[in-house]
Amino acid sequence: MSLLPDAGSVRVSHDGPVTTVTLHRPERRNAVDGPTALALAEAFRAFDADDRAAVAVLHGADGVFCAGADLTAVGSPSGNRTDPAGDGPMGPTRLRLSKPVIAAVSGHAVAGGLELALWCDLRVADETAVFGVFCRRWGVPLIDGGTVRLPRLIGTSRAMDLVLTGRPVDAAEALSIGLANRVVPAGEALSAAQALARELAAFPQVCLRADRASVLGQEGLDEEGALAAEFSGGLAALMAEGVEGAARFASGEGRHGRFG
């Protein structure tokens, strides 16, 4: 049986170059079932294909980022897909987009919700944020990239602590170990993430995307291969934007580190 996306559980809005994708299943603490996972994946594929969109923000409605996969749907027609090919059980977690995504984390980002946050390029958390492998309690494994992305992000030792114990990690600890990139006051995660998205969208995009692709692509390459890939992508960006950017600097823009 093929699932249809649940468009009501995933809401998309646009503000110039910033696309905001909102998980909206407050009755399930934004837990993701099969139709919601499909809708999430389709929303991010549409974002990546939209020439007007530069940066996306992912967040959850009603003060909760995502409580993980909807375990009440397991074994039902609306359960999450578990095929080795195609979309991940949580939706977009196997996609490699060409543009950045920022997670705006309020409340719990746990189990599969943690894996969604790890899939994003950056994580802006407010003071209510709680990260954790809460599925440890139920014998549900991490199969949306958690055991891969978490150690690459915060190191093997810290990742093993979180994965084995399933313990909650608050916003302050998340910032200290590199799991969160920014911590803001309670209730401000979404607005802060959108403001950061606008900052990223204001930069020359060919160069930004080439550097992002190199950072993501160097995993698994030896140094020689990674340097060659960086140079190849960077040379194309230099020709597309760098020469003109250097001319603007030479004319007086951006002196003394000004970003305005």
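Residues numbered from 1 in each chain as written. Predicted model: local features only at pLDDT ≥ 70, side-chain atom pairs only at ≥ 80, totals over all residues. Heavy atoms only, no water.

Trainee: Got a minute to help me understand the pattern of salt bridges in this structure?
Mentor: When the charged atoms of two side chains lie near each other, side chains of opposite charge can form a pair. Applying the stated criterion across every chain yields a total of 11 salt bridges. Among the salt bridges present, the one from Asp-70 reaches Arg-28, with a minimum N-O distance of 3.3 Å. Taken together, the positions of Asp-70 in the loop between strand S3 (55-60) and strand S4 (101-105) and Arg-28 in the loop between strand S2 (18-23) and helix H1 (34-49) put the pair 42 residues apart, joining distant regions of the chain. Note on Asp-70: relative accessible area 3%, which makes it buried. Asp-50 is the partner of Arg-52 in a salt bridge, and the nearest nitrogen-oxygen pair spans 3.1 Å. Within the structure, one salt-bridge network assembled from shared partners comprises Arg-25, Arg-28, Asp-33 and Asp-70. (Salt bridge = Lys/Arg side-chain N within 4 Å of Asp/Glu carboxyl O. Helix = DSSP H or I, 4+ residues; strand = E, 2+ residues; numbered from the N terminus. Buried < 20%, exposed > 50% of the residue type's maximum accessible area, 1.4 Å probe, protein only.)

Trainee: For this particular structure, what's the right way to read the packing of helix H7 (residues 205-217) against helix H8 (residues 223-250)?
Mentor: The angle between the axes and the distance between the axes are what describe a pair of packed helices. Two elements in contact, H7 and H8, have axes whose closest approach is 8 Å; the angle formed by their N-to-C orientations is 175°. Taken as axis vectors, H7 and H8 run roughly antiparallel relative to one another. Mapping the contact onto sequence places Gln-205, Val-206, Cys-207, Ala-210 and Ser-214 in H7 and Glu-230, Gly-233, Ala-237, Ala-240 and Glu-241 in H8. For the contact of H7 with H8, the per-class residue count stands at five nonpolar, three polar and two charged. (Axes fitted to C-alpha atoms, helices over the stretch in contact; angles between N-to-C directions. Parallel < 35°, antiparallel > 145°, perpendicular 65-115°, else oblique. Contact = heavy atoms within 4.5 Å. Nonpolar A, V, L, I, M, F, W, Y, C, P; charged D, E, K, R; others polar.)

Trainee: Could you clarify how one ought to interpret empty space enclosed by the protein in this entry?
Mentor: Where empty space is left can be seen by rolling a probe of water-molecule size over the atoms. Going through the model one piece at a time under the given rule, you end up with one cavity of 30 Å³ or more. Taken as a whole, the largest cavity spans an internal volume of roughly 30 Å³. Secondary-structure elements contributing two or more residues to the lining of the largest cavity are H7 and H8. Take the lining of the largest cavity: its biggest share by element is four residues, from H8. (1 Å grid on protein atoms, 1.4 Å probe; cavity = no way out; pocket = protein on both sides within 12 Å on 5 of 7 lines; lining within 4 Å. Points joined across faces, edges and corners; volume = space filled by probe spheres on them.)

Trainee: Help me understand the environment of Leu-179 in this model?
Mentor: Along the chain, Leu-179 falls in the loop between helix H5 (171-177) and strand S9 (182-184). Counting along the chain gives 25 residues from Leu-179 to Ile-154, while the straight-line C-alpha distance between them is 6.4 Å. Apart from residues lying up to four places away in sequence, Leu-179 is in contact with Leu-114, Leu-118, Arg-123, Phe-131, Leu-150, Leu-153, Ile-154, Leu-162 and Ala-174.

Trainee: Would you mind going over helix H2 (residues 112-119) with me for this structure?
Mentor: For an α-helix, 3.6 residues make a turn, and residues three or four places apart therefore share a direction. Where burial is concerned, most of H2 is hidden: eight out of the eight residues are buried. All of the buried residues in H2 are Gly-112, Gly-113, Leu-114, Glu-115, Leu-116, Ala-117, Leu-118 and Trp-119.

Trainee: In this structure, what is going on with the confidence of the model for the chain? I would like to understand it.
Mentor: Atom-level detail of predicted coordinates should not be read off regions where pLDDT is low. Looking at the chain, the pLDDT average stands at 94 and 98% of residues meet or exceed 70. For the chain, per-element mean pLDDT is lowest for H8, which scores 87, and highest for S4, which scores 99. (pLDDT = per-residue confidence, 0-100.)

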